[in-house]
Amino acid sequence: MKIRIAALLLASTTLAGCDAIAAAPVATIECETEQAECLNMWFDEKFEEYLAFSPMMQTSLGRKTDYDKIDDFSEEAQREQLEWLRAATAEMEANFDYDELPPASKISYDMWRYNLEQAERAWEFRNQNYVLHQMGSWQSGLPTFLLAQHNVEDESDMEAFIARIGGIGTAMDQLLAQAQANAEAGTRPPRFAYEAVIQESKNLTTGAPFDDGEPSAMWEGVERHLASLLEEDAITKERADELRAEARTALTEEFAPAYGRVIEWFEKDIENTDAEAKGVSALPNGEAFYAASLKNMTTTDLTADEIHEIGLAEVERIQGEMRGIMDEVGFEGTLQEFFDFTRSDPQFFYPDNEAGAQMYIDQATKDIDAMRERLPEYFGRLPKAPLEVRRVEAFREQDGAAQHYQPGTPDGSRPGVYYAHLSDMTSMPKTELETIAYHEGIPGHHMQISIAQELESIPKFRSQGSFNSAFIEGWALYSEHLAKEMGGFEDPYSDFGRLANELWRAIRLVVDTGIHSKGWSEEEAVQYALENSPTQETGARSEIQRYFVLPGQATSYKIGMLRIQELRAKAERELGDDFDIRGFHDTVLGGGTVPLAILEQQVEQWIEAQKES
């Protein structure tokens, strides 16, 4: 599922050009230690400079520096960041001899250059970018960040919280300006994305203190923090009243007006969207943009046609395994009839109410806890950070939307969170609960990201500032299959759910490339998904709409999984009886989040080291 990480600026923001940087002088680095150690020190210094661009990422990492600020989303700020990244890369290349570095340092060097390559592609295709849409973009992401990650422990933290409410208003104006500029360039997300942005913005500005209704999500956050400070005698009642008034002013005079401008423009501009969604190849320069998106998301040079064919082959293979489970449970009929059975029979669903939602959360927590006990048999390195399963906040909850993970802090002071959309329990079958819990939690996202954050053997820009969808999502999908090896999925219907999830990742290869490279309509993609999987229509449509606004991202899961499986098979083949599953997993997770080509280098180095030992 989708991962939510705030402010990953090196690779993901809209970047502006800066031709003048070529003439800037390159600093000379003085270092009295060996080159590799000096390079690591340089990387950590640069990571601190990089963090200065993002107060939100500082908060995500558990720091309270710039705690009263929201990131600057203006084009000027983005230009400044790219200038910095280009200059830093030139400084690295001028001062460190790549050929003289040990293998581990070469990987860090390559990773830094890779980040610049991604940033350059982001700038090249900035006008094709969908700025605001229904998939956790900033209109919901900024309030979610503030409510979930900004801890309030004293009066100054509350003052910073209120300042950030106003800062969200400024950020939304900056993001709206980007959306308007891209619309002028011919880039508009599909109509359903407009509708979601409008609805989410209205949800956030409905209720107290905006009207006489029930407290809004933001106001609940204000009152929760004030109540906690009062309970701990951190502030007086008089000061609480003053802070409450300040928060009301920030919400009604800065936050709500900015969201009002978003609503007004999106409601006016929606008439310029197409009634039928189209892939990005229909945009100006869209074919090149999609090719670049695939390169970013898979970290490979696979073409859309190659990915499409891999998807078709994987769909056929996985459906064959599903037929084996049909035989195991004694179902008589076609695979499509079995799909209909598992997507409709009441035994496979919790009640569609609050009690059913809590039952889902409780069972997911139980499955994760059970898997945690088995980790030492398969991993030498274990995560320290805690994990919680939570329901998505009401203002951004969507029927059938994808579950997602939000990382905790490196020091464990804030837990990782597996978020579930539970507003429609008919789109959340029990058959898939176990595999989603492993994917989002343990041994999936939470384990991989927490271990990366806790690494001390690599530079911080890799352990705490790196994001790569093919590696992260590939690992999470690999972990679903690994969980079966570890003793999960004892119930055949849960194992069928595991295959259903893997099947869906294969279907993503087909439909994402179908939408963006072959001109498939939303209905064509939905029908292909329903005909080839047991997914409910609500969930299938939500997923398909996701692929329209996040081109290429959906392909990263299966491509990443297949590459990790290929590397494991190679290690098993070459090492034979000397293959150590714990050593393999520690190697994969021990280098942080890396492109697949660099992961291959790491595994090959480990294989050679094992042969020599």
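What you see is a predicted model; the values in this text were computed from it and never measured. (Residues numbered from 1 in each chain as written. Predicted model: local features only at pLDDT ≥ 70, side-chain atom pairs only at ≥ 80, totals over all residues. Heavy atoms only, no water.)

## Things to note about the packing of aromatic side chains
Under the defined criterion, the tally for this structure stands at 35 aromatic pairs. Between Tyr50 and Trp84 the ring centres are 6.4 Å apart and the planes differ by 20°, which places this aromatic pair in the stacked class. Of this pair, Tyr50 sits in helix 2 (residues 35–51) while Trp84 sits in helix 4 (residues 75–95), placing them 34 residues apart in sequence. The exposure class assigned to Trp84 is buried, which follows from its relative accessible area of 14%. Taken together, the aromatic side chains of Trp42, Phe43, Phe47, Tyr50, Phe53, Trp84, Phe96, Trp112 and Phe461 make up a single cluster linked through ring pairs. A cation over a ring is seen here: Arg126 above Trp123, with NZ or CZ 3.2 Å from the ring centre. (Phe/Tyr/Trp six-rings, centres within 6.5 Å; stacked < 30°, edge-to-face > 60°. Helix = DSSP H or I, 4+ residues; strand = E, 2+ residues; numbered from the N terminus. Buried < 20%, exposed > 50% of the residue type's maximum accessible area, 1.4 Å probe, protein only. Lys NZ or Arg CZ within 6 Å of the ring centre and 35° of its normal.)

## Overview of the environment of Val222
Positionally, Val222 belongs in helix 9 (residues 217–231). Sequence spacing of Val222 and Leu243 is 21 residues, and the spatial spacing of their C-alpha atoms is 9.0 Å. Discounting residues that sit within four places of it in the chain, Val222 has contacts with Met158, Phe161, Ile165, Ala247 and Leu251. (Contact = heavy atoms within 4.5 Å.)

## Notes on the pattern of salt bridges
Applying the stated rule across the entire model yields 49 salt bridges. A salt bridge links Glu155 to Arg239, with the shortest nitrogen-to-oxygen separation between them at 2.8 Å. Of this pair, Glu155 sits in helix 7 (residues 155–184) while Arg239 sits in helix 10 (residues 237–269), and the two are 84 residues apart along the sequence. Here Glu321 and Arg317 are joined by a salt bridge, their closest N and O atoms 2.8 Å apart. Remark: Arg317 and Glu321 occur in helix 12 (residues 304–329); sequence separation between them is four residues, near one turn of the helix. Residue Arg317 is classed as partly exposed on the basis of its relative accessible area, which comes to 33%. If you follow the salt bridges from partner to partner, you end up with Glu155, Glu159, Arg239, Glu242 and Glu246 in one network. (Salt bridge = Lys/Arg side-chain N within 4 Å of Asp/Glu carboxyl O.)

## Some points on the packing of helix 6 (residues 138–149) against helix 9
Look at helix 6 against helix 9: their axes get within 11 Å of each other, and the N-to-C directions meet at 20°. The pairing of helix 6 with helix 9 is recorded here as roughly parallel in orientation. Helix 9 is crossed by helix 6, and the crossing has left-handed handedness. Every residue of helix 9 that contacts helix 6 at Pro143, Leu146 and Leu147 is listed here: Ala217, Met218, Gly221 and Arg224. Counted by class, the contact of helix 6 with helix 9 contains five nonpolar, one polar and one charged residues. (Axes fitted to C-alpha atoms, helices over the stretch in contact; angles between N-to-C directions. Parallel < 35°, antiparallel > 145°, perpendicular 65-115°, else oblique. Left-handed = near helix turned anticlockwise from the far one by under 90°. Nonpolar A, V, L, I, M, F, W, Y, C, P; charged D, E, K, R; others polar.)

## Overview of the pairing of strand 4 (residues 416–420)
Regular strands place their side chains on alternate faces of the sheet. With five of five residues buried, strand 4 is to be regarded as a mostly interior element. A two-sided burial pattern is seen for strand 4, the buried positions comprising Gly416, Tyr418 and Ala420 on one face and Val417 and Tyr419 on the other. With five bridges connecting them, strand 2 (residues 387–391) and strand 4 associate as parallel partners. When the sheet's bridge partners are listed, Glu388 is paired in strand 4 with Val417. (Pairing = 2+ DSSP bridges.)

## Digging into helix 24 (residues 596–612)
An ideal rise of 1.5 Å per residue puts 24 Å on 17 residues; helix 24 measures up with 25 Å between its terminal C-alpha atoms. Where helix 24 is concerned, the buried positions are Leu596, Ile598, Leu599, Gln602, Val603, Trp606 and Ile607. Where helix 24 is buried, its residues contact helix 5 (103–124), helix 11 (286–298), helix 17 (460–463), helix 18 (469–485), helix 22 (556–575) and helix 23 (581–589). (Expected span 1.5 Å × (residues − 1).)

## A look at a negative patch on the surface
A surface patch of negative charge is lined by Asp72, Glu76, Glu80 and Glu83. In this structure, Glu83 sits in helix 4. (Patch = residues over 30% accessible without salt bridge, like charges linked within 9 Å, V, L, I, M, F, W, Y side chains within 5 Å. Areas by Shrake-Rupley, 256 points an atom, 1.4 Å probe, with all protein chains shown as cover. Lys, Arg positive; Asp, Glu negative; His and termini not counted. Charge placed at Lys NZ, Arg CZ, Asp CG, Glu CD.)

## Considerations on the confidence of the model for the chain
In low-pLDDT segments, the atomic positions of the prediction should not be examined closely. Across the chain, the average pLDDT comes to 93, with 96% of residues at 70 or higher. Confidence drops under a pLDDT of 50 for residues 1–23, and excluding neighbours within four residues, the segment shows 93 contacts in the predicted structure. (pLDDT = per-residue confidence, 0-100.)

## Some remarks on the packing of helix 13 (residues 335–344) against helix 20 (residues 522–532)
Close contact between helix 13 and helix 20 brings their axes to 8 Å; oriented N to C, the two are set at 95°. With respect to helix 20, the axis of helix 13 lies roughly perpendicular. In this structure, helix 13 uses Gln336, Phe339 and Arg343 to contact helix 20, whose residues at the interface are Leu530, Glu531 and Asn532.

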